[in-house]
Amino acid sequence: MSILIKGGRVITADEDKIADVFIEDEAVAEIGESLDRAADRTIDANGKYVLPGGVDPHTHLDMPFGGTVTIDDVESGQTSAAFGGTTCHVDFIIQPQGSSFADAVEQWRGKANGKQVIDMGYHMAVTDLKGGGTLEELATLPDQGITSYKLFMAYKGALMVDDETLFRVMQVAAETGALVMVHAENGDAIHVLVEQALAEGKTEPKYHALTRPPETEGEATNRAIQLAHVAGCKLYVVHVSCRESVEPIARARQQGWDVWGETCTQYFFVDYTFLERPNFEGGKFVYTPPPRAKENQDVLWDAVRDDVLSVVSTDHCAFLWDGQKTLGKDDFSKIPNGAPGLENRLHMLHEFGVRSGRISLQRLVELWATNPAKYFGLYPRKGTIAVGSDADLVVFDPEKPHTISAATHHSKSDYNLYEGTEVTGSPEVVLLRGHVLVENDELVAQPGVGEFVKRARFGEELAPKQTAAAQA
Ligand code: URP
Ligand code: ZN
Ligand code: ZN
């Protein structure tokens with residue numbers, strides 16, 4: 001199957017030009033002006049942007065968490081990603097305590113098999129080195145394409161690891177070239193604050209934020225940075241939400257340390273006051289780190305513009321409000337932490353980043369596709385438009401109006417963080433390796449089209465996929 005995308009504005013991190021893109025056998029075969037190529041199908045992209053498919057490095061599909069399981073499985077989560085132009089994501093395998101890493105991988109792959117709508121990889125979240133998983137086994141994962149280790153410095157009594165575990169994993173990463181990712185909050189201090197709040201009868205959703213002050217995020221971010229420097233590993237700080245953690249990342253980067261940071265779409269738009277909404281509506285916005293005081297939003301826009309933060313992910317961790325979030329109706333600490341978002345990252349960044357003049361189109365592409373592909377061993381197969389790259393492309397209509405709503409989104413969640421937001425600009429056609437995934441607001445491809453991607457290590461390039469034709 002060949003496709004010619006004609007006359008679009010092709011935007012990558014490096015270039016912005018009017019060109020045709022010719023796709024053959026799942027990959028981009030040629031890019032140029034007025035290409036004279038016979039194709040099985042031609043897509044007119046006049047007046048449209050042609051963007052690389054989005055890469056979301058931070059999602060939680062079909063994950064047991066907070067006494068329940070996230071509502072989006074691989075099929076529904078990836079379908080919602082596809083409608084938003086995201087064609088590849090990296091999900092977290094959470095090592096069940098007492099389990100080996102091999103068993104955890106098998107369990108997570110079993111959840112995805114046959115259901116995949118987009119391409120995906122995995123990070124390994126290490127929760128326990130005293131049970132089944134060993135450091136020796138952890139060291140073997142990068143050769144299997146799992147080239148990042150995640151550690152939670154919060155969620156005491158559940159996913160949290162102590163500093164010894166964190167530091168030992170960092171040392172393994174320094175040896176294997178894996179990237180260490182941290183959820184940086186001081187889980188011990190938060191545990192004390194939560195216990196004290198509950199003892200004082202403070203049970204509403206807003207106490208989720210009031211018991212996780214920004215200093216607890218700043219302290220843990222700085223601790224992780226210093227420990228990673230001692231261990232000599234590369235560090236990526238996930239879901240940065242506030243000035244207190246932006247500052248230590250900026251300092252480390254100025255010193256030339258191997259530290260990168262991401263924020264997530266919601267931190268630009270949802271602030272602390274959302275948690276105060278009456279009738280438990282605030283429960284919708286209970287995710288971690290929590291929505292912060294509004295002034296942090298400008299700090300985050302500055303940080304993504306100045307490359308203090310280099311990625312915008314979603315941390316998609318969807319629950320139902322009615323039936324899952326309500327587990328914590330009388331106790332904020334029992335509200336499952338997380339929110340949906342996979343579908344609207346491009347909508348929101350285009351509207352409030354690009355159209356509002358905060359970031360350029362090319363910076364948008366870098367934040368939502370190119371940098372995540374680079375840091376997570378997917379580039380240049382993913383995250384750009386180049387000859388030999390997978391034909392993961394979004395034909396984006398910058399004039400198409402779209403109203404974001406749970407009534408029309410594709411997540412199984414019964415609410416949307418950005419409910420009622422009107423944006424101008426939406427994907428028109430989404431391609432995964434040359435297969436049309438979404439067109440005319442319909443899912444065209446069948447689950448099973450997505451594949452598992454064996455990722456390269458940080459700093460290494462991922463070679464083009466060996467398709468049947470390429471091998472012949
Ligand atoms: O509230 C959140 N962010 N839930 C997902 C787990 C995590 O901490 O990333
Ligand atoms: Zn987290
Ligand atoms: Zn997360």
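Above this text you will find the structure in question.
What counts as what
Residues numbered from 1 in each chain as written. Chains lettered and ligands numbered in written order. Predicted model: local features only at pLDDT ≥ 70, side-chain atom pairs only at ≥ 80, totals over all residues. Heavy atoms only, no water. Helix = DSSP H or I, 4+ residues; strand = E, 2+ residues; numbered from the N terminus. Rg over C-alpha atoms; globule rule 2.2 N^0.38 Å. Buried < 20%, exposed > 50% of the residue type's maximum accessible area, 1.4 Å probe, protein only. Contact = heavy atoms within 4.5 Å. Areas by Shrake-Rupley, 256 points an atom, 1.4 Å probe, with all protein chains shown as cover. Lys, Arg positive; Asp, Glu negative; His and termini not counted. Charge placed at Lys NZ, Arg CZ, Asp CG, Glu CD. Donors = N, O, S within 2.8 Å, 3.2 Å for Na, K, Ca; no water. Tetrahedral: all angles 85-135°; square planar, octahedral: opposite > 155°, others 65-115°. Near = heavy atom within 4 Å. Polar contact = N/O pair within 3.5 Å; in protein donor to acceptor, adjacent residues only side chain to side chain. Core = buried A, V, L, I, M, F, W, Y, C linked by side-chain atoms within 4.5 Å. Phe/Tyr/Trp six-rings, centres within 6.5 Å; stacked < 30°, edge-to-face > 60°. Lys NZ or Arg CZ within 6 Å of the ring centre and 35° of its normal. Salt bridge = Lys/Arg side-chain N within 4 Å of Asp/Glu carboxyl O. Axes fitted to C-alpha atoms, helices over the stretch in contact; angles between N-to-C directions. Parallel < 35°, antiparallel > 145°, perpendicular 65-115°, else oblique. Left-handed = near helix turned anticlockwise from the far one by under 90°. Nonpolar A, V, L, I, M, F, W, Y, C, P; charged D, E, K, R; others polar. Pairing = 2+ DSSP bridges.

Caption draft 1: Examining the overall build of the protein chain more closely. Assigned secondary structure in the protein chain consists of 13 helices and 19 strands. The globule rule puts the C-alpha radius of gyration for 472 residues at 23 Å, and the 21 Å found for the protein chain is close to it. Considering the protein chain as a whole, with its 472 residues, one finds that 62% of them fall into the buried category. For the protein chain, long-range pairs separated by at least 24 residues make up 77% of all intrachain contacts whose partners lie at least 6 apart in sequence. Within the structure as shown, the protein chain displays about 17000 Å² of accessible surface, and the carbon and sulfur contribution to it stands at 46%. In the protein chain, 43 side chains carry a positive charge and 70 a negative one; their mean positions are 2 Å apart.

Caption draft 2: Highlighting the coordination of the zinc ion (ligand 3). With distances of 1.9 to 2.1 Å, the protein atoms coordinating the zinc ion (ligand 3) are His58 (NE2), His60 (NE2) and Asp315 (OD). For the zinc ion (ligand 3), the four donor atoms are set out with angles of 86 to 130° between them, so the coordination reads as tetrahedral. Between consecutive donor residues of the zinc ion (ligand 3), the sequence gaps follow H-x1-H-x254-D. Distance-wise, the zinc ion (ligand 2) is placed 3.9 Å from the zinc ion (ligand 3). A residue pair is termed long-range when its members are at least 10 positions apart, and His60 in the loop between β6 (54-59) and β7 (64-65) and Asp315 in the loop between β15 (311-313) and α11 (345-354) qualify at 255 residues. Take His60 and Asp315: they sit in the same class, and that class is buried.

Caption draft 3: Region of interest: the environment of Gly84. Looking at where Gly84 falls in the secondary structure, it is placed in the loop between α1 (74-83) and β9 (86-94). On a C-alpha basis, the gap between Gly84 and Leu342 in space is 7.2 Å, while along the polypeptide they are 258 residues apart. Among residues more than four places away in sequence, those in contact with Gly84 are Glu343, Leu346, Trp368 and Pro427.

Caption draft 4: Geometry of the site of ligand 1. Taken together, 13 residues sit near ligand 1, with Tyr155, His183, Thr288, Asp315 and Asn337 positioned nearest. Between an oxygen atom of ligand 1 and a side-chain N or O atom of Tyr155, the distance comes to 2.6 Å. A distance of 3.3 Å separates an oxygen atom of ligand 1 from a polar backbone atom of Gly338.

Caption draft 5: View of the nonpolar core. Membership of the largest hydrophobic core comes to 110 residues, with the highest contact counts inside it found for Met124, Met170, Val182, Leu235 and Tyr236. In terms of residue count, the dominant contributor to this core is helix α12 (residues 361-375) (seven residues). For Leu235, the contacting residues outside a window of four places in its chain are Met170, Leu179, Val180, Val182, Ala224, Ile225, Ala228, Asp258, Val259 and Trp260. Counting residues in hydrophobic clusters, the runner-up holds 17 residues, among them Ile5, Val10, Val429 and Leu431.

Caption draft 6: Fine view of the packing of aromatic side chains. Tallying each qualifying case throughout the model produces 17 aromatic pairs. Here the aromatic rings of Phe152 and Tyr155 are separated by 5.7 Å at their centres, their planes lie at 50°, and the arrangement is tilted. Each member of the pair, Phe152 together with Tyr155, is buried. Among the aromatic side chains, those forming a connected cluster through ring pairs are Tyr236, Trp260, Tyr375, Phe376 and Phe458. One residue, Lys150, lies across the ring of Phe92, its end atom 4.0 Å from the ring centre. Note that Lys284 overlies the ring of Trp321, its terminal NZ or CZ placed 4.8 Å from the centroid.

Caption draft 7: Highlighting the pattern of salt bridges. Counted by the stated rule, this structure contains 35 salt bridges. Salt bridges here are not isolated pairs; linked through shared partners, they connect Glu26, Asp119, Lys382, Asp390, Asp392, Arg433, Glu451 and Lys465.

Caption draft 8: Fine view of the coordination of the zinc ion (ligand 2). Looking at the zinc ion (ligand 2), one finds its protein donor set to be His183 (ND1) and His239 (NE2), positioned 2.0 Å from the metal centre. One can describe the site at the zinc ion (ligand 2) as irregular: its four donor atoms subtend angles covering 57 to 153° at the metal.

Caption draft 9: Layout of the packing of helix α7 (residues 214-231) against helix α8 (residues 243-254). Put simply, α7 and α8 touch, their axes get as near as 7 Å, and they point 20° apart. With respect to each other, α7 and α8 are oriented roughly parallel. Of the two possible hands of crossing, α7 and α8 adopt the one that is right-handed. Residues Pro214, Glu215, Glu217, Gly218, Thr221, Asn222 and Ile225 of α7 form the contact with α8, whose own contacting residues are Glu244, Ser245, Pro248, Ile249, Arg251 and Ala252. For the contact of α7 with α8, the class distribution of residues is five nonpolar, four polar and four charged.

Caption draft 10: View of the side chain of Thr421. Tracing the chain through its elements places Thr421 in the loop between β16 (393-403) and β17 (422-432). Judged by relative accessible area, which is 18%, Thr421 ranks as buried. Residue contacts for Thr421: discarding those within four places in its chain leaves Met348, Phe352, His402, Thr403 and Ile404.

Caption draft 11: Region of interest: the side chain of Asn337. Mapped onto the elements of the fold, Asn337 is located in the loop between β15 and α11. Here Thr288 takes part through its side chain, which lies 2.5 Å from a polar atom of the side chain of Asn337. Polar side-chain contacts of Asn337 include one of 2.9 Å to the backbone oxygen of Ile335. Setting aside residues up to four positions removed in sequence, Asn337 forms contacts with Phe65, Tyr155, His208, Arg212, Val286, Tyr287, Thr288, Cys317, Phe319 and Lys325.

Caption draft 12: Broad picture of the pairing of strand β3 (residues 27-32). Two elements, strand β2 (residues 16-24) and β3, share five bridges in a ladder whose sense is antiparallel. Bridge assignment links Asp20 to a residue of β3, and that residue is Gly32. Hairpin connection from β2 to β3: two residues lie between these consecutive antiparallel strands, with Asp25 at a positive phi of about 55°.

Caption draft 13: Structural detail: the environment of Tyr375. By secondary structure assignment, the location of Tyr375 is in helix α12. Separated by 55 residues in the primary sequence, Tyr375 and Val430 have C-alpha atoms spaced 23 Å apart. Beyond its immediate chain neighbours, meaning those up to four positions away, Tyr375 contacts Leu179, Tyr236, Trp260, Ser310, Val311 and Phe458.

Caption draft 14: Representation of the sheet that holds β15. Ordered by their spatial adjacency, eight strands build an open sheet running β6-β9-β10-β11-β12-β13-β14-β15, and the pairing between neighbours is parallel. Because the sheet does not close on itself, it has two edges, and the strands there are β6 and β15. Adjacent strand axes in the sheet meet at a mean angle of 30°, parallel and antiparallel pairs treated alike. Bridge count for β6 against β9 is four bridges, and the pairing is parallel. Residue Gly54 lies in a different strand from β9, and its bridge partner there is Thr86.

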